[in-house]
Amino acid sequence: MTFGHLTLHIVEANYLLCSRIGGVSAPELPKVSDTDPKDKLVERMKSSFDFCGTALAKLDDSNLGETLTLFGERKASRAMAILILAGGWADHYSQQAMYLRLSGHLPPTAKK
């Protein structure tokens, strides 16, 4: 998986999971390719996290046990979907940080 492909995977997961967890529709966006320029991928990544912030802003613990359909017909509680989302963020960040380090770059959040 290339760095660009991983970036789009994160973007797609953000829109899917945050829309399901928050009970809102994900926006229809123009198609982006994993070979598009860095600035276009960064813009899409930022917009996906902005969407998550908005979609998840009104969550409370009153419906964490509600069953959601996530991937295909896979069902999980809203609480489990939140854990899947957070685990995905940690996993994907570590993958991207590794790609950067292997390419001789320090991840932006790493201590110099």
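Parameters at a glance
- The numbering scheme is per chain: residues are counted from 1 as the chain's sequence reads.
- Per-residue local features of the predicted model are confined to residues with pLDDT of at least 70, and side-chain atom pairs are confined, for both listing and counting, to 80 or more; whole-chain, interface and lining totals are unaffected and use all residues.
- The side-chain figures draw on all heavy atoms in the structure; neither hydrogens nor water molecules are used.
- Only C-alpha atoms enter the line fits that serve as axes; for helices the fit covers just the stretch in contact. Angles between N-to-C directions range over 0 to 180 degrees.
- Numbering of helices and strands starts at the N terminus; helices are DSSP runs of H or I of at least 4 residues and strands are runs of E of at least 2.
- Oblique is the label for every angle not falling under 35 degrees (roughly parallel), over 145 degrees (roughly antiparallel), or within 65 to 115 degrees (roughly perpendicular).
- Note on convention: the crossing is left-handed when the near helix lies turned anticlockwise from the far helix by less than a right angle, right-handed when the turn is clockwise.
- Pairs of residues are marked as contacts when any of their non-hydrogen atoms sit within 4.5 Å.
- As used in this record, nonpolar core signifies buried Ala, Val, Leu, Ile, Met, Phe, Trp, Tyr and Cys residues forming a set joined through side-chain atoms within 4.5 Å.
- Only protein chains enter the area calculation, which uses a 1.4 Å probe; residues under 20% of their type maximum are buried, those over 50% are exposed, and those in between are partly exposed.

A. The packing of helix H1 (residues 3-22) against helix H2 (residues 38-56), seen in detail. Between H1 and H2, the least distance of the axes is 9 Å, while the angle of their chain directions is 15 degrees. Classed by the angle they form, the pair H1 and H2 counts as roughly parallel. The handedness of the crossing between H1 and H2 is left-handed. Contact with H1, carried on its side by Gly4, Thr7, Leu8, Ile10, Val11, Asn14, Tyr15, Cys18, Ser19, Ile21 and Gly22, involves Leu41, Arg44, Met45, Ser47, Ser48, Phe49, Phe51, Cys52, Ala55 and Leu56 of H2 and no other residues of that element.

B. Broad picture of the nonpolar core. With 16 residues, the main nonpolar core has Leu17, Cys18, Ile21, Phe51, Leu70, Ala81 and Leu85 as its most contacted residues. Ranked by residue count, the leading element in this core is H1, at seven residues. Not counting the four nearest positions on each side in its chain, isoleucine 21 is found in contact with Leu56, Leu59, Leu68, Arg78, Ala81, Ile82 and Leu85.

C. Region of interest: the environment of alanine 97. Take alanine 97: it is sitting in helix H3 (residues 78-102). Overall, alanine 97 belongs to the buried group, its relative accessible area being 10%. Here the alpha-carbon distance between alanine 97 and aspartate 36, two residues 61 residues apart in the chain, equals 20 Å.

Remember that the coordinates give geometry; whether it matters functionally is a separate question.
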